[in-house]
Amino acid sequence: MKILAFILKNFQPIIYALLGFFVLKTLKEVLSKPSEEKLKNDEELPVSNTKTTITNVQAQVIADNIYNASIESGTDEALLYAQFDKLKNQNDFNAVYNAFGKRQYSKFWGNVGDPVTSDKHDMIAILTNELTTKEQEYLKNNYPHLTIF
Ligand SMILES: [Ca+2]
């Protein structure tokens, strides 16, 4: 009964300690979430490796550049459009989309946000959120060989 008496006597501090423990544990889990995840197989866009004009490494670099251009407050249009210049056909675009996967992004702030208030989005979702209707039209008109949106 000594333990029960101890618990009853220290009820409040014990509750606070437990709460603190779970808050810290949850916070640690949230903050240690990776900011990137791969697409599931059925989410990937089809790529014919014989038709791509870029390597997997180049696709990865282009995906990183598109992400970096987007997570600025505002958008680095010059950096963004320079990436589309490198995509010669739909297979190239699809390879970059697949390499992009899903990345941490706040649709509200238009930047990377934080792990609690932002979420992981694919490249098309992020581009759609970043670009105005006019900018989307610009991409469609200048890269008619690519279906982006
Ligand atoms: Ca942005």
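Since this is a predicted model, take the numbers as computed values, not measurements.

Chemist: Help me understand the overall build of the protein in this model?
Modeler: Looking only at helices and strands, the protein features seven helices and three strands. Moving toward the C terminus, one meets the helices and strands of the protein in the order α-α-β-α-α-α-β-β-α-α. Relative to a compact globule of 149 residues, whose C-alpha radius of gyration would be 15 Å, the protein shows 23 Å and is clearly more extended. Considered along the principal axes of its C-alpha atoms, the protein spans approximately 80 × 35 × 20 Å. Across the 149 residues that make up the protein, the buried fraction comes to 18%.

Chemist: Explain helix 3 (residues 56–70) here, please?
Modeler: Because each turn of an α-helix spans 3.6 residues, side chains separated by three or four positions in sequence point in the same direction. The end-to-end C-alpha separation of helix 3 is 21 Å, in line with the 21 Å expected for 15 residues at 1.5 Å each. Within helix 3, burial applies to A59, I62, A63, I66, A69 and S70. Viewed end-on, helix 3 has its buried residues packed into an arc of 125 degrees, placing them on one side of the element.

Chemist: Just checking my understanding: could you explain the domain arrangement of the protein for this structure?
Modeler: Note on interface size: it is often stated as the accessible area lost on association of the parts. Domain assignment breaks the protein into domain 1 (2–31) and domain 2 (36–142). A separation of 44 Å is found between the C-alpha centroids of domain 1 and domain 2.

Chemist: So what exactly am I meant to see when it comes to the nonpolar core here?
Modeler: Grouped burial of nonpolar side chains is what soluble globular proteins tend to show. Within the largest apolar cluster, 19 residues are counted, with the highest numbers of intra-cluster contacts made by A59, A63, V96, F100 and M123. By residue number, the principal contributor to this core is helix 5 (residues 90–100), which donates six residues. Among all residues touching A59, those that are not within four sequence positions of it are I54, A95, V96 and A99.

Chemist: Help me out: how do you make sense of the sheet that holds strand 2 (residues 102–105) in this one?
Modeler: In sheet architecture, strand pairing relies on hydrogen bonds along the backbone and comes in two forms, parallel and antiparallel. Spatially, the three strands line up as an open sheet ordered 1-2-3, and their pairing is antiparallel. The strands lining the two open edges of the sheet, one partner per strand, are strand 1 (36–37) and strand 3 (119–122). In this structure, strand 1 lies alongside strand 2, joined through two bridges in antiparallel fashion. Across the sheet, E36 pairs through a bridge with R103, a residue of strand 2. The strands touched by helix 6 (residues 123–130) are strand 2 and strand 3; relative to strand 3, the strand with the most contacts, the crossing angle is about 95 degrees.

Rules and cut-offs
Residues numbered from 1 in each chain as written. Predicted model: local features only at pLDDT ≥ 70, side-chain atom pairs only at ≥ 80, totals over all residues. Helix = DSSP H or I, 4+ residues; strand = E, 2+ residues; numbered from the N terminus. Rg over C-alpha atoms; globule rule 2.2 N^0.38 Å. Buried ≥ 20, exposed ≤ 12 C-beta atoms within 10 Å, placed from the backbone. Expected span 1.5 Å × (residues − 1). Arc of directions from axis to C-beta. Domains from an automatic or database assignment. Core = buried A, V, L, I, M, F, W, Y, C linked by C-beta atoms within 7 Å. Contact = placed C-beta atoms within 7 Å. Pairing = 2+ DSSP bridges. Axes fitted to C-alpha atoms, helices over the stretch in contact; angles between N-to-C directions.

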